[in-house]
Amino acid sequence: MTTSVTNNRLRGLLSFWPIVTLLALVCSVFLLLVPVWNIVSLSFAGKEGGAGVFENYVMFFSEPYYYRSLINSFIVSISATVLALVIGIPAAYIVSRYNIWARSLIKTAVVLTFVSPPFIGSYSWVILLGRKGVLTQFFAEWGISLPSIYGAPGIIFVFTLQYFPFVFLLVSSGLKSIDQSVEDAARNLGSGEARTFFTVIAPLLLPSITTGALLVFIAAFTDLGTPIILGEKFRVLPVLIYGEFVNDFGGAPVLASTLAVLLLIVTTGALLLQRWLARRYAYATAAIRPLVMQSPRPVKRIAASLFIYGLILLALLPMVNIIISAFLKSNGPVLVAEFTFDNFDKVWRLAGGPLKNTLVFTTIATLMCAVMGTMIAYIIARRPGKISALLDTAVMFSYAVPGIVLGVGLVVTYHNPPLALTGTPLILILAYFIRRLPFSVRSSVSALQQLSKDTEEASINLGAGPGMTFLKITVPLLSMAILSGALLTWSNTIRELSATLVLQSGRTTTMSVEIFNEVANGNFGTASALGMTLIVLTFLPLVLLFTFMGKSEEALV
Amino acid sequence: MTKSVSIEQITKKFDSSVAVNNVSIEIGQGEFFTLLGSSGCGKTTLLRMVAGFLQQSSGHIRFDRKIIDTVPAHERNTGMVFQNYAIFPHLTVAENVAYGLKVRKQAKGDIDREVRKMLELVRLDHLAHRLPRELSGGQQQRVVLARALAIRPDVLLMDEPLSNLDTEMRLHLRSEIRAIQQQFGVTTIYVTHDQEEALLISDRVAVMSMGNVEQIARPGDIYLNPQTLFVASFIGDNNLIPVEIEALAADGTASARLPSGERTEARAATGQQLTQGTKATLSLRPQDIDLAPAGTGGLQGKLTELQFLGGTIKAFFDLGTGKPVTVSLQGRHGTQIPVIGETRSLIPLPGATTLYAGEVKA
Ligand SMILES: Nc1ncnc2c1ncn2[C@@H]1O[C@H](COP(=O)(O)OP(=O)(O)OP(=O)(O)O)[C@@H](O)[C@H]1O
Ligand SMILES: [Mg+2]
């Protein structure tokens, strides 16, 4: 009797889900927790600053060169967040509420700016507004000197345009869940449109607004490419980490680790704040009758249209510029108004190397995310308990770890034998995998919550074990969610720069790094041709997602 | 081969609340056994423990005397029919039915033959290649029944399989389920909150209330000889009159005093222990009462309301007991229908009044 119970226990532990759970835990421990742990302990134990435990931190907060970067990071991120709200909320309101022309085209344009790699946008602005920039010179001939794109204002400007879509998309979907009766009631009580918005609509949008704001903040705070390209003497924290990491290469990146820990503290704090706010302000509302479209007075309508079209034009300008300059002859950083295909020569030359790497790494990482992410989602949604909650937290945490921090952590952890993985394709694939895992997990978790458990239990009841039930019932029923999660993963992985910069070796370099190098070397024409290729590769799966799978733009955030 | 099921002192606790409380049931081979009770009484919880989806907090479950407590759900060989169908939406009707057979790695030819047979049985052979979304609710539920029977289950489990269907479909499928169950001779545990369904379809019924089994008996016995006050009030129309036990005779008959002061003789229901001088409840079904002219014995009541329901007529009499007492008269030609305001004698059929210890909850 007792032995049969023990046998059954043992068999229970060796069955499908416990093994998968163990695998998932191993993944998050070795790819996330150990690397983070290592940089944390390096930051305390390293000898660079001196002997004391907090020596590195003491140095950070006493040397202006270092602590300025933290202040700078906060300045640009907070400014960009505020501006993104100021632009994003009215834009979402107008596009959702007013019957202005080409609304769906506007949404597509917002998505396009959203998914385009940030650093491409930055150098595109350099082409336009840099010292020898096209627009700078054009306006100079008229005696107008445009503000510089370099330094803090330029970074804030680019971040705002790059990240306002977070706010736009979240607020748009928030507006969808507000019932028309709410507005009617307010109007009926005599409040005007503006007053109704601020007293009734905005409070209901608070969850979307706070989430949007924190996502902008985190994205701006951890971006590496843009401040490298535009920052010059204005250094932010991620740039400093990268610089220290490159300097330290070969030795233990003690200082880079210390800075990385500070970065991680800020992003984790922001994410916890976001979760807390989301829970606090979650009014579970489902609109029975969504807000109706309005036809405002002509003056208002023209003003609203001008604002939207102006914004979209500004946001798309860098991309249009990339496409044009991809076909222009260049003389170093100066583009000449002469048509050519020469810039694409480089694309062909990279086809066997970085382009292939990008496609192969992205594809493998996406597949891994889809497989592992779906299984983790199943554990989170269907097998609640302590371990499942732990896994949920680990996945959330991987969202909080910035690319550059993960990169440094992985290098510190896997630089030496027996697990000397740095410089191999594997380390890049694993980095992409762990960073983008949340996309697949979230997509499948929400689909699983819609799906009744009975169907799976029916399969178990008919004799299919847990593994077979998952394969034959759950996976087919989740296929749309898995596919859309995978497409999002693909789009977000293919443009990855910050972890890649730290983890790549010459052999494993990718398109994003190549573009970055071309920009650094001032070969704008080639950079544009490569950039255009990358944008097309990023956008393709999203076209599939929206046109064939009926997903709305809001699925992106 | 179908198996007997023993549920032995099963208790299931969720955190601190008890969903199933020390339940013991013996179900014979081939028996159609029904768990009947109102919402939240623990029927589903008990059924899911038999299926292996829930682990009991204590007690044992046996199939054919063999303890199966630690056998995982997919190895128990029970066929389950769910309230909301749980049909596999991505598989055709035939593939749904074949699923359990494929899992058992049967030969393709055998599977095809078996699937065809099952679909003929539930009269869906013409829809074999449809997808579930192209079927009506009743058709979907028949697919699920065929799917559950195809694996030749040791025990068939059904959790309110008819409750999502409209009335006509429900009545139709009800008799179909019973016929198929008899044809297969498969041991069946059926869950419902519909007492008419339970009484009609089952060999035996367990009436449950708040996690406890109140009575296990054949449908006729449940109705005619309820053993607890709960069953007496839950099953069928009944008059439950608060009384006080004045005297207890050696042969088990008691003299009960009504609130009006009238007295009546009655026996305690099977298993009920009465005590002299305590409050009790008198149970008397509406159809077990005859009417006679006032003052000719029995209990005196004043007619307050009449409801004509065609075949039966319900007459409500005020006996000074708080709630009016219902008498059901046959709507036969020539029936003497009393007039409202009239006083009549209500004369119970001999042996029809029974007593239960305790009071009915308001
Ligand atoms: N997973 C669970 N966790 C906590 N309590 C539960 C759980 N499942 C059931 N219960 C509780 O156990 C009790 C019995 O539930 P059960 O589902 O068995 O009732 P039921 O008789 O099937 O009712 P219904 O007719 O509504 O289906 C209920 O009070 C319910 O709230
Ligand atoms: Mg139930």
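Quick notes on the rules
Residues numbered from 1 in each chain as written. Chains lettered and ligands numbered in written order. Predicted model: local features only at pLDDT ≥ 70, side-chain atom pairs only at ≥ 80, totals over all residues. Heavy atoms only, no water. Contact = heavy atoms within 4.5 Å. Buried area = accessible area lost by both parts, 1.4 Å probe. Salt bridge = Lys/Arg side-chain N within 4 Å of Asp/Glu carboxyl O. Polar contact = N/O pair within 3.5 Å; in protein donor to acceptor, adjacent residues only side chain to side chain. Helix = DSSP H or I, 4+ residues; strand = E, 2+ residues; numbered from the N terminus. Nonpolar A, V, L, I, M, F, W, Y, C, P; charged D, E, K, R; others polar. Near = heavy atom within 4 Å. Areas by Shrake-Rupley, 256 points an atom, 1.4 Å probe, with all protein chains shown as cover. Patch = residues over 30% accessible without salt bridge, like charges linked within 9 Å, V, L, I, M, F, W, Y side chains within 5 Å. Buried < 20%, exposed > 50% of the residue type's maximum accessible area, 1.4 Å probe, protein only. Domains from an automatic or database assignment.

What to know about the interface of chain A and chain B
Every contact between the two is made by 22 residues of chain A and, on the other side, 24 residues of chain B. Of the roughly 2,000 Å² buried at the junction of chain A and chain B (both faces included), carbon and sulfur atoms supply 61%. When residues of chain A are sorted by the area they lose upon contact with chain B, Glu 457, Asn 461 and Leu 462 of chain A head the list and together hold 33% of the total. A salt bridge links Glu 457 of chain A to Arg 48 of chain B; the nearest nitrogen and oxygen atoms lie 2.6 Å apart. If you look at where chain A meets chain B, you find seven residue pairs in polar contact (both at pLDDT 80 or more). Every element with two or more residues in the side of chain A that touches chain B is listed here: α1 (2-13), α19 (453-461) and α20 (466-493) of chain A. Grouping the constituent residues of the side of chain A that touches chain B by class yields 10 nonpolar, eight polar and four charged.

Quick word on the site of ligand 1
All names here are of chain B. Neighbouring residues of ligand 1: Phe 14, Ala 19, Ser 39, Gly 40, Cys 41, Gly 42, Lys 43, Thr 44, Thr 45 and Glu 160. Take Gly 40: an N or O atom from its main chain is 2.7 Å from an oxygen atom of ligand 1. Here ligand 1, which alone exposes 630 Å², has 57% of that area covered by the protein. When residues of the shell around ligand 1 are assigned to their parent elements, the largest contribution, three residues, is made by helix α1 (residues 43-51). Split by residue class, the shell around ligand 1 holds three nonpolar, five polar and two charged.

A word on a nonpolar patch on the surface
All names here are of chain A. Residues Leu 22, Val 26, Val 29, Phe 30 and Leu 33 make up a contiguous nonpolar surface patch of roughly 410 Å² in combined accessible area. Along the chain, Leu 22 falls in helix α2 (residues 16-45). A residue is classified by how much of its surface remains accessible, and Leu 22, at 54% relative accessible area, is exposed.

Considerations on the domain arrangement of chain B
How big an interface is tends to be expressed through the accessible area that disappears when the partners come together. All names here are of chain B. Split into domains, chain B comes out as domain 1 (5-226) and domain 2 (237-357). Centre-to-centre, using C-alpha coordinates, domain 1 lies 40 Å away from domain 2. Tallying the contact residues gives four residues for domain 1 and five residues for domain 2. Taken together, the two surfaces of domain 1 and domain 2 that pack against each other cover about 380 Å², and 25% of this comes from carbon and sulfur. Where domain 1 packs against domain 2, one counts zero salt bridges. Across the contact surface, domain 1 and domain 2 share four residue pairs in polar contact (both at pLDDT 80 or more). For the side of domain 1 that touches domain 2, the residue count by class is three nonpolar, one polar and no charged.

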